[in-house]
Amino acid sequence: MNIKFRLILMNFMQYFIWGAWLLTIGAYWFQNKHWSGAQFGAIFSTMGISAIFMPALTGIISDRLVNAEKLYGIMHILGALVLFTLPLVKDPSTFFWVMLLNMIFYMPTLSLSITVAFSALKNSNIDVVKDYPPIRIWGTIGFIVALWVVSLTHNETSPNQFYIASAIALTLGIYSFSLPKCPPLLTKTNNKSFIDLLGLNAFALFKTPKFAIFFAFSLLLGAALQLTNAYGDTYIHDFKNVAAYKDSIAVKYPAIIMSISQISETLFILAIPFFLRKFGIKYVMLFSMLAWVLRFGLFAFGNPAEGLWMIILSCIVYGMAFDFFNISGSLFVETQTTPEIRGSAQGLFMMMVNGFGALFGSFASGEIIDKFFTMPDQSKNWHGIWLTFAVYALVIAIVFPFVFRYKHNAALKHAIAHA
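Below is a short write-up of the structure.

1. Focus on the packing of aromatic side chains
For step 1, the next point in the chain: Within this structure, the stated rule accounts for 38 aromatic pairs.
For step 2, the next point in the chain: Ring-pair connections join several aromatic residues into one group, and the members of that group are Y235, F239, W292, F296, F299, Y318, F322, W382, W386 and F389.
For step 3, the next point in the chain: Here the basic side chain of R136 rests over the ring of Y15, its NZ or CZ set 4.1 Å away from the ring centre.

Here's what the structure looks like:
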């Protein structure tokens, strides 16, 4: 089987698992279980908590002890078992702990999948910068397919979304053991410093100003990503309580509307090599931040009727907001670090985006929404919520160019030139 096709299949299932519940768990939480917003913020914080240490930990393990593809498969099999038990949970406290366990197994697979893909492509003498984005597109397609499956089967508020995710996770876990071998590389080095023995080499990247600032903004943008994941679907669901909007297509199938975001991703992923070549990593990241401002601002003024175009445009803009930082960021880390710490460095990047960033975004948004934007009847002032998020993204975009002084260096230029 062609190596690119094998990686395409891996990416498709990787993001199908997430897409089956990530955007619809809010509808399940609020529309089915009727649990509180503050508690929901805690649920989304499980991604942040697990991503703080698990991607970095598994990156160290894959660099030193276990083949990355085997560790990847084990994580998915364990995650499948936990997902299968989620519908049995009857209270929000227990749900938090079970979801935390699920995310402990899932979050490291995001960086491990990149490690496995980059290793397999390089071992086959395939250009990573040129050929990885088209492969990664199929992860986005998997996310879209999952959303459509859950929405068209009317499982957006149903526990069945977790059973669907569990089945695919188990399939991917088994399939992973057939992927190209990605053995540890640090075992081949003779450097026996204390840092090397602990497998903490990648953390030395924080000593480099460009990496320290890059990781700091990774955290801040990671918070923005969790805001849209946590509240986008349930925001549209809430319009069903307004007579003028309750029969609109968007309210009936909000997950399908939200899937436009992922459809947009497929286009912007293909554009990444061009934008990196033309503008460099600094401006590509800045474009991402400005796109987040538009994403939230359009949500603030949109609605499922005459304002539907703003919601749709917001979803289109999401492709740039997400891809231009996450995919470009992983390529930046890949081209700026040595192969021996590839897994650890990618894990560190994921830790900042989906760990500290998600944790900050989840807790802060939950408290802010409950305190300032939740009405006495428990309805939410979505206009105020999205405007607040837009201002947050705007402040980041204004500060970034003055702080991140990285120049488009020769190594990255050379890699992109062959894209």
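2. Side note on the pattern of salt bridges
For step 1, the next point in the chain: Applying the stated criterion across every chain, the model contains 1 salt bridge.
For step 2, the next point in the chain: In this structure, K4 and D131 form a salt bridge, with 3.2 Å as the shortest nitrogen-oxygen distance. Of the two residues, K4 is situated in helix α1 (residues 3-19) and D131 in helix α6 (residues 128-152); the sequence distance between them amounts to 127 residues.
For step 3, the next point in the chain: Classification of D131 by relative accessible area gives buried; the value is 16%.

3. A short note on α1
For step 1, the next point in the chain: Between its terminal C-alpha atoms α1 stretches 24 Å, which fits the 24 Å expected from 17 residues at 1.5 Å a residue.
For step 2, the next point in the chain: The buried count for α1 comes to 13 of 17 residues, which makes it a mostly enclosed element.
For step 3, the next point in the chain: Put simply, N2 is the residue that caps the front of α1, since its side-chain oxygen is 2.7 Å from the backbone nitrogen of K4.

4. Observations regarding the environment of L308
For step 1, the next point in the chain: Mapped onto the elements of the fold, L308 is located in helix α13 (residues 308-336).
For step 2, the next point in the chain: Remark: the alpha-carbon pair of L308 and L298, spanning 10 residues in sequence, is separated by 9.9 Å.
For step 3, the next point in the chain: With residues near it in sequence (within four places) discarded, L308 still touches A250 and N303.

5. Re the environment of Y392
For step 1, the next point in the chain: In this fold, Y392 is placed in helix α15 (residues 382-403).
For step 2, the next point in the chain: For the pair Y392 and A224, spaced 168 residues apart in the sequence, the C-alpha separation amounts to 8.5 Å.
For step 3, the next point in the chain: Not counting the four nearest positions on each side in its chain, Y392 is found in contact with L220, A223, A224 and F360.

6. Thoughts on the packing of α1 against helix α4 (residues 68-85)
For step 1, the next point in the chain: Closest axis-to-axis distance for the α1/α4 pair is 12 Å, and the angle between their directions is 30°. By the angle class used here, α1 and α4 are roughly parallel. Regarding α1 and α4, the two cross each other, and that crossing is left-handed. Across from M10, Q14 and I17 in α1, the residues of α4 making contact are Y72, H76 and L83.
For step 2, the next point in the chain: Its residues placed into classes, the contact of α1 with α4 shows 4 nonpolar, 2 polar and no charged.

7. Things to note about unusual backbone geometry
It is generally the case that most residues other than glycine have a negative phi and that most peptide bonds are trans.
For step 1, the next point in the chain: One non-glycine residue, N125, lies in the positive phi region at around 60°.
For step 2, the next point in the chain: Within the secondary structure, N125 sits in the loop between α5 (92-123) and α6.
For step 3, the next point in the chain: Of note in the backbone geometry, H154 takes a positive phi value of approximately 60° without being a glycine.
For step 4, the next point in the chain: Mapping H154 onto the fold places it in the loop between α6 and α7 (160-176).

8. Details of the nonpolar core
For step 1, the next point in the chain: If you look at the biggest cluster of nonpolar residues, it comprises 136 residues, and the most contacted ones within it are W18, W21, F95 and F214.
For step 2, the next point in the chain: Sorting elements by how many residues they give to this core places α5 first, with 18 residues.
For step 3, the next point in the chain: In this structure, W18 is in contact with M47, M103, Y106, M107, L110, F143 and N354, ignoring residues within four places of it in sequence.

9. Concerning α7
For step 1, the next point in the chain: With 17 residues, α7 should cover 24 Å at 1.5 Å per step; its first-to-last C-alpha distance of 25 Å lies within 8% of that length.
For step 2, the next point in the chain: Of the positions making up α7, those classed as buried are Q161, F162, A165, S166, A169, L172, G173, Y175 and S176.

10. Some remarks on a nonpolar patch on the surface
For step 1, the next point in the chain: Side chains of V391, L394, V395, I398, V399, F402 and V403 sit close together on the surface and give an oily, nonpolar patch of about 610 Å² of accessible area.
For step 2, the next point in the chain: Positionally, L394 belongs in helix α15.

11. Quick notes on the side chain of N155
For step 1, the next point in the chain: In this structure, N155 sits in the loop between α6 and α7.
For step 2, the next point in the chain: Here N155 is in contact with V150, N160, Q161 and I164, once residues within four sequence places are set aside.

12. Considerations on the packing of α1 against α7
For step 1, the next point in the chain: Two numbers describe how α1 lies on α7: the axes approach to 9 Å, and their chain directions differ by 150°. The angle between α1 and α7 falls in the class roughly antiparallel. The hand of the α1/α7 crossing is left-handed. Contacts between α1 and α7 involve R6, L9, M10, M13, Q14, F16 and I17 on the former and, on the latter, I164, A165, I168, A169, T171, L172 and Y175.
For step 2, the next point in the chain: Here the residues of the contact of α1 with α7 sort into 11 nonpolar, 2 polar and 1 charged.

Calculation criteria
Residues numbered from 1 in each chain as written. Predicted model: local features only at pLDDT ≥ 70, side-chain atom pairs only at ≥ 80, totals over all residues. Heavy atoms only, no water. Phe/Tyr/Trp six-rings, centres within 6.5 Å; stacked < 30°, edge-to-face > 60°. Lys NZ or Arg CZ within 6 Å of the ring centre and 35° of its normal. Salt bridge = Lys/Arg side-chain N within 4 Å of Asp/Glu carboxyl O. Helix = DSSP H or I, 4+ residues; strand = E, 2+ residues; numbered from the N terminus. Buried < 20%, exposed > 50% of the residue type's maximum accessible area, 1.4 Å probe, protein only. Expected span 1.5 Å × (residues − 1). Polar contact = N/O pair within 3.5 Å; in protein donor to acceptor, adjacent residues only side chain to side chain. Contact = heavy atoms within 4.5 Å. Axes fitted to C-alpha atoms, helices over the stretch in contact; angles between N-to-C directions. Parallel < 35°, antiparallel > 145°, perpendicular 65-115°, else oblique. Left-handed = near helix turned anticlockwise from the far one by under 90°. Nonpolar A, V, L, I, M, F, W, Y, C, P; charged D, E, K, R; others polar. Core = buried A, V, L, I, M, F, W, Y, C linked by side-chain atoms within 4.5 Å. Patch = residues over 30% accessible without salt bridge, like charges linked within 9 Å, V, L, I, M, F, W, Y side chains within 5 Å. Areas by Shrake-Rupley, 256 points an atom, 1.4 Å probe, with all protein chains shown as cover.

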